[in-house]
Amino acid sequence: MNYNIAVIKGDGIGPEIVSEAMLVLEKIGEKFGHTFKFQEVLAGGCSIDANGIPLTDETIEICKNADSVLLGAVGGPKWDNVPSAKRPEKALLGLRAALGLFANIRPAMMYKALADACPIKKEIIGDGFDIVVCRELTGDVYFGNHYRKESDCGWGEMGCDDMNYSVYEVERIARRAFEMARVRSKKVTSVDKANVLETSRVWRETVTRIAAEYPDVELQHMYVDNAAMQLVHSPGQFDVLLTGNLFGDILSDEASMITGSIGMLPSASIGETGRGMYEPIHGSAPDIAGKGIANPIATILSCAMMLRYSFGLSAEADAIEQAVGKALDNGCRTADIASPGQTALSTSEMGQVIRDLI
Ligand code: NAD
């Protein structure tokens, strides 16, 4: 099969890590008989430099016409002082909206070989954990009205942000979570604050109703404050963590941090169509950009997610994930995950090791 992939290398370490990931896809193509055609486009800081804006209509069109989008990372100190409407990160919001991407999928798993990097005690992590955070991306308080007004009781100006969720928005993200759980450990933990928020009560009622369509999947409801505690207390209890936009923003970072290795974690943003946007969870790491030492694994694993979720190529996705696992088991490490005294591979050496194991 032929697949067209729009590639946004972005800023900072983006070009270094995405180049390795593209080579991995080419290796998969050779082995399994697929052709991946890449079309590189600009977004983020590099687009501001070239076009004066972080996201052009041309980039949006090319991404819309592609089968999927691979993204490195955008942003960096060079663009920190541009007006907020033109910041590099605006490109991500623009792309998500233009491509109708409403679900953000972030696996957070602990590789046994990297157990020492996990900040949680060994007695707590036990056999490790394998969580997928399924976060709604286009609703909630981030997309409600933001305004200021005078407080009624003379306390001065107040900031207001409307939080809302419609039944439709909750239904479609809930179905994604249950479908994902079906091919994993068959458990969804839905996170809300239904003891306080009306938005959360709509969320909980809707998730409960959708759960009836998936009798083989266990549903648990959990308040967000408890979920934040349970993630560090016993992360092994979670399979799919279903959350709204605000709670998911915080919990997905917490789930990532307990793996101990930000350079290892991929993510997918998906919508109704097969097309998605796949990117590492980390940023553009300006402190190490250009040094050839960035860890390319998160981006390489993002390609595995693309193969599985957008193209339905499970065996090919497994091949990438297994190669990464073997590279780690063989002691291969980039600087961010190396133990003291351990030799660190460069970005391209790690990419090559993984390709050789496919
Ligand atoms: P960051 O994730 O870029 O870096 C945090 C730390 O992790 C740094 O020490 C960095 O060197 C390290 N790190 C990150 N990825 C790594 C990798 N692959 N290998 C080895 N080490 C790695 O976060 P930050 O410093 O807060 O942000 C830097 C820039 O990235 C900012 O402009 C921010 O807005 C942007 N950003 C972009 C995205 C995105 O494009 N999706 C996400 C987050 C941050």
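It should be emphasised that the depicted structure is a prediction, and the values quoted were computed from it without experimental measurement. Per chain, residues are indexed from 1 in the order of the written sequence. Note on the predicted model: pLDDT of at least 70 is required for a residue's local features to be given, and 80 or more for side-chain atom pairs to be given and counted; whole-chain, interface and lining totals, by contrast, use all residues. Hydrogens and waters are ignored; side-chain quantities use all the structure's heavy atoms.

J.: Help me understand the packing of aromatic side chains in this model?
T.: What describes a pair of aromatic rings is the distance from one ring centre to the other and the angle between the planes of the rings. Stacked, tilted and edge-to-face pairs are distinguished by plane angle, under 30 degrees for stacked and over 60 for edge-to-face with tilted covering the rest, among Phe, Tyr and Trp rings (Trp via its six-membered ring) whose centres lie within 6.5 Å. By the definition in use, this model includes four aromatic pairs. The interplanar angle of 55° and the centroid separation of 5.2 Å between the aromatic rings of tyrosine 165 and tryptophan 203 together place this pair among those described as tilted. Here tryptophan 203 lies in helix H7 (residues 198-211) and tyrosine 165 lies in the loop between strand E7 (157-161) and helix H6 (167-182), a separation of 38 residues in the sequence. As far as burial versus exposure is concerned, tyrosine 165 and tryptophan 203 are alike and both buried. Measuring from ring centre to ring centre gives 5.2 Å for phenylalanine 178 and tyrosine 214, while their planes differ by 10°; the resulting arrangement is stacked. Here tyrosine 214 lies in the loop between H7 and strand E9 (218-223) and phenylalanine 178 lies in helix H6, a separation of 36 residues in the sequence. For the pair shown, phenylalanine 178 and tyrosine 214 are each scored as buried. Think of it this way: any DSSP run of H or I at least four residues long counts as a helix, any run of E at least two long counts as a strand, and we number them from the N terminus. Working definition: with a 1.4 Å probe on protein chains only, accessible area under 20% of the residue-type maximum means buried, over 50% means exposed, and in between means partly exposed.

J.: Even after reading the chapter, I still don't get the pattern of salt bridges, so can you show me in this structure?
T.: In a structure, side chains of opposite charge can pair up when their charged atoms sit close to one another. Salt bridges are defined by distance alone: a side-chain nitrogen of Lys or Arg within 4 Å of a carboxyl oxygen of Asp or Glu. Under the definition given, this model contains 19 salt bridges. Among the ionic pairs, aspartate 249 bridges to arginine 135, the shortest N-O distance being 3.9 Å. Here aspartate 249, found in helix H9 (residues 245-257), pairs with arginine 135, found in strand E5 (residues 130-136); they are 114 residues apart in sequence, far enough to count as distant.

J.: Sorry if this is basic, but what is going on with the domain arrangement of the protein chain here?
T.: In many reports, interface size means the accessible area that the parts give up when they come together. Residue ranges for the domains trace back to a domain assignment, done automatically or taken from a database. Each domain of the protein chain was delimited in the assignment, giving domain 1 (1-102 + 302-358) and domain 2 (119-258). Put simply, the middle of domain 1 and the middle of domain 2, counted by C-alpha atoms, are 27 Å apart. Taken together, the contacts link four residues of domain 1 with eight residues of domain 2. Summing the contributions of domain 1 and of domain 2, the shared interface buries around 550 Å²; its carbon and sulfur component is 70%. Between two residues, a contact is recorded if the distance between any of their heavy atoms is within 4.5 Å. Computed with a 1.4 Å rolling probe, the buried area is the accessible surface lost when two parts are put together, summed over both parts.

J.: What is the right way to read the UniProt feature "binding site: Mg(2+)" (unreviewed entry) in the protein chain from this model?
T.: UniProt positions are given in the numbering used here, feature names are shortened, and annotations may be inferred rather than shown by experiment. The UniProt entry lists Asp225, Asp249 and Asp253 under the feature "binding site: Mg(2+)" (unreviewed entry), expressed in the numbering used here. Relative to the helices and strands, aspartate 225 is located in helix H8 (residues 224-233). Look at aspartate 225 and you get partly exposed, because its relative accessible area is 40%. Each polar contact in these results corresponds to two N or O atoms within 3.5 Å; when the atoms are within protein, one needs to be able to donate a hydrogen and the other to accept it, and residues that are neighboring in sequence are counted only if both atoms are side-chain atoms. A distance of 3.0 Å separates a polar atom in the side chain of aspartate 225 from a polar atom in the side chain of lysine 193. Looking at the element boundaries, aspartate 253 is found in helix H9.

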